[in-house]
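# Breakdown of the fold
Read off the chains here:
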Amino acid sequence: MNFLQFREAFFEQGIFSTRQVRLMFPGFNQDNLLFWQKKGYIKKLRNTWYCFTEFLSQPDAQFIIANAIYSPSYISHQQALMYYGMIPEFIVDSTSVTTRKTASFEVEGRTYKYYNIKKELFFGY
């Protein structure tokens, strides 16, 4: 498989996992991902998650990344308030809530923090 075929299949969503790649292309050689990383076509975000290099410059990329790399989760706290213009501060770290354990990850120079909440409170997203 060449990169153009791969890009055509996944570019619209911007971010993809190795699981999605295997579902779309069952015989896919994962060495291609490493090769394309070295060429600068894609970036590894965390574990099995990748994105196209151009995707990182999109304004909402950080929200999509935050929801994908540790799911189930959704953006919460100051990040959402800043996005909707409800606070004047610029928030550097991305803050989310999850039903999984509290965690923090560094991805492409941005810190993604996840705080645990009860399953009963995880709704409305």
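First, a word on scope: everything that follows refers to the structure included in this document. As the structure is a prediction and not an experimental result, all values here were calculated from the model.

Turning to the environment of Ala66, a few remarks are in order. Here Ala66 shows up in helix H4 (residues 61–69). Residues in contact with Ala66, not counting those within four places in the same chain, are Ser73, Ile75, Ser94, Ser96, Tyr112 and Tyr114.

Okay, the packing of aromatic side chains next. What characterises a pair of aromatic rings is the spacing of the ring centres plus the angle enclosed by the ring planes. One pass over the structure, following the stated rule, counts 21 aromatic pairs. Their ring planes at 35 degrees and their centres at 5.5 Å tell us that Phe10 and Phe16 sit as a pair that is tilted. In this pair, the class of Phe10 matches that of Phe16, namely buried. Through a chain of ring-to-ring contacts, three or more aromatic side chains come together here, namely Phe3, Phe6, Phe10, Phe11, Phe16, Phe25, Phe28, Trp36, Tyr41, Tyr50 and Phe52. Sitting over the face of the ring of Phe11, Arg7 holds its NZ or CZ atom 4.0 Å from the ring centroid. Looking at Arg100, its charged tip hangs above the ring of Tyr70, at a distance of 4.1 Å from the centre.

What follows covers the sheet that holds strand E1 (residues 15–17). Strands sit in the order E1-E3-E2 across an open sheet of 3 strands; the sheet is antiparallel. Since the sheet does not close on itself, it has two edges, and those belong to E1 and strand E2 (42–46), each with one partner. Strand-to-strand twist of the sheet, defined as the mean angle between neighbouring strand axes without regard to direction, takes the value 35 degrees. Here E2 pairs with strand E3 (residues 49–52) via 4 bridges, running antiparallel. The residue of E3 that forms the bridge with Ile42 is Phe52.

Our next topic: the sheet that holds strand E7 (residues 110–116). As summarised here, the arrangement of the 4 strands in space is E4-E5-E7-E6, forming an open sheet in which the pairing is mixed. At either margin of the open sheet sits one strand with a lone partner, and together these are strand E4 (73–75) and strand E6 (103–107). Here the average twist between neighbouring strands, direction ignored, is 25 degrees. Of the pairings in the sheet, the one linking E6 to E7 comprises 5 bridges and is antiparallel in character. If you follow Ser104 over to E7, its bridge partner there is Lys113.

Omega for the peptide link from Ser71 to Pro72 comes to 5 degrees, which places this bond in the cis form. With phi around 45 degrees, Asn47 is a residue other than glycine that occupies positive phi space. When you line up the elements, Asn47 lands in the loop between E2 and E3. Even without being a glycine, Glu108 presents a positive backbone phi close to 50 degrees. Along the polypeptide, Glu108 turns up in the loop between E6 and E7.

Rules and cut-offs
- Residues numbered from 1 in each chain as written.
- Predicted model: local features only at pLDDT ≥ 70, side-chain atom pairs only at ≥ 80, totals over all residues.
- Heavy atoms only, no water.
- Helix = DSSP H or I, 4+ residues; strand = E, 2+ residues; numbered from the N terminus.
- Contact = heavy atoms within 4.5 Å.
- Phe/Tyr/Trp six-rings, centres within 6.5 Å; stacked < 30°, edge-to-face > 60°.
- Buried < 20%, exposed > 50% of the residue type's maximum accessible area, 1.4 Å probe, protein only.
- Lys NZ or Arg CZ within 6 Å of the ring centre and 35° of its normal.
- Pairing = 2+ DSSP bridges.
- Axes fitted to C-alpha atoms, helices over the stretch in contact; angles between N-to-C directions.

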